[in-house]
Amino acid sequence: MANRLSKITTRTGDDGTTGLGDGSRIHKSALRVMVLGDIDELNSTLGVLLAESLPASARTRLTRIQNQLFDLGGEVCIPGYRVITEAQVIYLDDAIRQLNDILPPLKEFILPGGSRAAAICHVARTIARRAERSLAALAVDEKMSESALHYLNRLSDFLFVQARTLNREAGIADVLWQREPEPGRARRYGREIDTLTMADTIANDQLAILLAQCGLGNRAAFAQLYDATKSKLFSVSLRIVRERHIAEEVLQDSFVNIWNNAAKYATVKSAPMTWMTAIVRNRSLDIVRRPFLEVADENDFFALNMEDLTPGPQDLLATRRDQVKIEHCMKGLDGEQLQTISLAFFQGLSHSEVADHLGRPLGTVKTHIRRGLLKLKGCLES
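Residues numbered from 1 in each chain as written. Predicted model: local features only at pLDDT ≥ 70, side-chain atom pairs only at ≥ 80, totals over all residues. Heavy atoms only, no water.

K.L.:
Looking at this model, I keep getting lost on the overall build of the protein chain. Mind explaining?
P.N.:
Within the protein chain, the regular secondary structure consists of 14 helices and four strands. Counting every position in the protein chain, which comprises 382 residues, the buried fraction comes to 36%. Sequence separation of at least 24 residues holds for 68% of the intrachain contacts in the protein chain that already meet a minimum separation of 6. Per element, the accessible surface of the protein chain, about 23,000 Å² overall, is 54% carbon and sulfur. (Helix = DSSP H or I, 4+ residues; strand = E, 2+ residues; numbered from the N terminus. Buried < 20%, exposed > 50% of the residue type's maximum accessible area, 1.4 Å probe, protein only. Contact = heavy atoms within 4.5 Å. Areas by Shrake-Rupley, 256 points an atom, 1.4 Å probe, with all protein chains shown as cover.)

K.L.:
It is not clear to me how the packing of aromatic side chains should be interpreted in this structure. Could you clarify?
P.N.:
The relation between two aromatic rings is expressed through the spacing of the ring centres and the mutual angle of the planes. With the rule as written, the count across this model stands at four aromatic pairs. With centroids separated by 5.0 Å and ring planes inclined at 65°, the aromatic side chains of Phe-222 and Trp-259 adopt a geometry described as edge-to-face. One end of the pair, Phe-222, is in helix α7 (residues 219–241); the other, Trp-259, is in helix α8 (residues 244–261), and 37 residues separate them in sequence. Ring pairing ties together the aromatic residues Phe-222, Tyr-226, Phe-255 and Trp-259, which thus form one cluster. Directly above the aromatic system of Tyr-91 lies the positively charged group of Arg-64, at a separation of 4.0 Å from the ring centroid. (Phe/Tyr/Trp six-rings, centres within 6.5 Å; stacked < 30°, edge-to-face > 60°. Lys NZ or Arg CZ within 6 Å of the ring centre and 35° of its normal.)

K.L.:
Hey, could you run me through the pattern of salt bridges in this one?
P.N.:
If charged atoms from side chains of opposite charge come close, those side chains can pair. Applying the stated rule across the entire model yields twelve salt bridges. With a closest N to O distance of 2.9 Å, Arg-130 and Asp-38 form a salt bridge. Of the two residues, Arg-130 is situated in helix α4 (residues 116–141) and Asp-38 in helix α1 (residues 31–50); the sequence distance between them amounts to 92 residues. The class of Arg-130 is partly exposed, set by a relative accessible area of 28%. Of the charged contacts, one joins Arg-97 and Asp-94 as a salt bridge, the two residues approaching to 2.5 Å between their closest N and O atoms. (Salt bridge = Lys/Arg side-chain N within 4 Å of Asp/Glu carboxyl O.)

K.L.:
For this particular structure, what's the right way to read the packing of α8 against helix α9 (residues 272–289)?
P.N.:
The N-to-C vectors of α8 and α9 enclose an angle of 130°; their axes lie 9 Å apart at closest approach. The orientation of α8 relative to α9 falls into the category oblique. The two elements α8 and α9 meet at a crossing, and its hand is right-handed. Facing Ile-246, Glu-249, Val-250, Asp-253, Ser-254, Asn-257, Ile-258 and Asn-261 of α8, the residues of α9 in contact are Trp-275, Met-276, Ile-279, Val-280, Arg-283, Ser-284 and Ile-287. Considering only residue class, the contact of α8 with α9 consists of eight nonpolar, four polar and three charged. (Axes fitted to C-alpha atoms, helices over the stretch in contact; angles between N-to-C directions. Parallel < 35°, antiparallel > 145°, perpendicular 65-115°, else oblique. Left-handed = near helix turned anticlockwise from the far one by under 90°. Nonpolar A, V, L, I, M, F, W, Y, C, P; charged D, E, K, R; others polar.)

K.L.:
What is the right way to look at the environment of Ile-110 in this model?
P.N.:
If you trace the backbone, Ile-110 turns up in strand β3 (residues 110–111). Taking the C-alpha atoms as reference, Ile-110 lies 5.1 Å from Trp-177; in sequence the two are 67 residues apart. When neighbours within four sequence positions are excluded, Ile-110 is seen to be in contact with His-122, Phe-160, Arg-164, Asp-174, Val-175, Leu-176 and Trp-177.

K.L.:
Help me understand the nonpolar core, please; the structure alone is not making it clear to me.
P.N.:
Where a protein is soluble and globular, its nonpolar side chains tend to be buried together. Leu-69, Tyr-151, Leu-155, Phe-158 and Leu-159 are the most contacted members of the largest nonpolar core, which totals 43 residues. Contributing elements (two or more residues each) for this core: α1, α2 (56–77), α3 (86–101), α4 and α5 (146–169). Leave out the neighbours within four places in its chain, and Phe-158 touches Arg-61, Leu-62, Ile-65, Leu-92, Ala-95, Ile-96 and Leu-99. In this structure, Leu-210, Cys-214, Ile-246 and Trp-275 belong to the second largest nonpolar core, which totals 25 residues. (Core = buried A, V, L, I, M, F, W, Y, C linked by side-chain atoms within 4.5 Å.)

K.L.:
How do you make sense of unusual backbone geometry when you look at a structure like this?
P.N.:
The bulk of non-glycine residues show a negative phi, and the bulk of peptide bonds are trans. In this structure, Arg-242 is a non-glycine residue whose phi angle is positive, near 75°. Position of Arg-242 among the secondary structure elements: in the loop between α7 and α8. With relative accessibility at 65%, the residue Arg-242 sits in the exposed group.

K.L.:
Is there a simple way to think about the side chain of Ser-237 in this case?
P.N.:
Here Ser-237 lies in helix α7. Ser-237 gets classed as buried once you look at its relative accessible area, which sits at 0%. At 3.0 Å, the side chain of Ser-237 forms a polar contact with the side chain of Ser-284. Among all residues touching Ser-237, those that are not within four sequence positions of it are Arg-242, Ala-247, Val-250, Val-280 and Ser-284. (Polar contact = N/O pair within 3.5 Å; in protein donor to acceptor, adjacent residues only side chain to side chain.)

K.L.:
Quick question: what am I supposed to make of the environment of Ala-58 here?
P.N.:
Mapped onto the elements of the fold, Ala-58 is located in helix α2. A relative accessible area of 2% means that Ala-58 is categorised as buried. With 104 residues separating them in the primary sequence, Ala-58 and Gln-162 have C-alpha atoms 7.8 Å apart. Sequence-distant contacts of Ala-58, that is, excluding residues within four places in its chain, are made with Gln-162 and Leu-166.

K.L.:
I keep staring at the packing of α4 against α5 and nothing clicks. Help me out?
P.N.:
Two packed helices can be described by the angle between their axes and the distance between those axes. Viewed as axis vectors pointing N to C, α4 and α5 meet at an angle of 170°, and their least axial separation amounts to 8 Å. Taken as axis vectors, α4 and α5 run roughly antiparallel relative to one another.

Set out below in structure tokens:
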């Protein structure tokens, strides 16, 4: 054992491959090697953090975590080998709870920063997130330990709390996120930035990985993507088309579209769920706007002799007048009423989703919608 690592340069990797713990060799571009690299980078960043002046309790925890990460690297290096268990996950859960008990509750989002030690801890947290995404991607095609995934998920949460604790013990306040001011507006209308919870961010990262795998033709990833998003996307369609069997048809058509275009998806343009929701919403609107009558077969007597329901010029004129009147009445609503009604009726969000989107209590949202509708009714009837 003493001479096991005496020879560092072996030249066996000059051909672009590397050896695993079971003796097999794989290419260095393989996803398993990427996971190992992320875990190694995370452990090295914790080494940089431990080079700072830290409280003894933090140093003890981080040193133990370094050893656990080394074990995790060994698990990934040997296919089928298991060393990380729920015991290590529980250790992190307990550490998070202990640190949270001495921290003030968060009322705003915070930015990475503060003391040097806290900033390094935040860097480690982001690498832990990347390692989790890499391991989740590897688990799409290969059997991986659920405990390992749970461990990396908890570790990023722990590092977030640990960073706050390091700032507190250094006598430095958390760096709070501040909304960008909206120049030229007397009152705020709409929300320019969607504030995502940490869980939403994790979900988006995982969905982006699954979409990337779908773009490569991975059917197992497509099945996972379908299971993870079908309920929410179905509800989006159902709010628009109003009938379950039509919403089911829209959902199936939309997932075919998602599969065919997954390779074109780019995370820099929109979040995965936003991109997929747009596909479902557009397909649903196409169905709603579709003419009542399909093109009839020449032998279909009843279809050929059915009354033409296409709106005529007078109908179109009346519709246009209604639209003008509605637009006029909508301008009479106050900002909160207009905002909540627009989200609920024009964008298809439920009341609870509107409340989450605006950061308002559900009862307040319902009150704004109810009062706004009453005001619209009175205006339209006048």
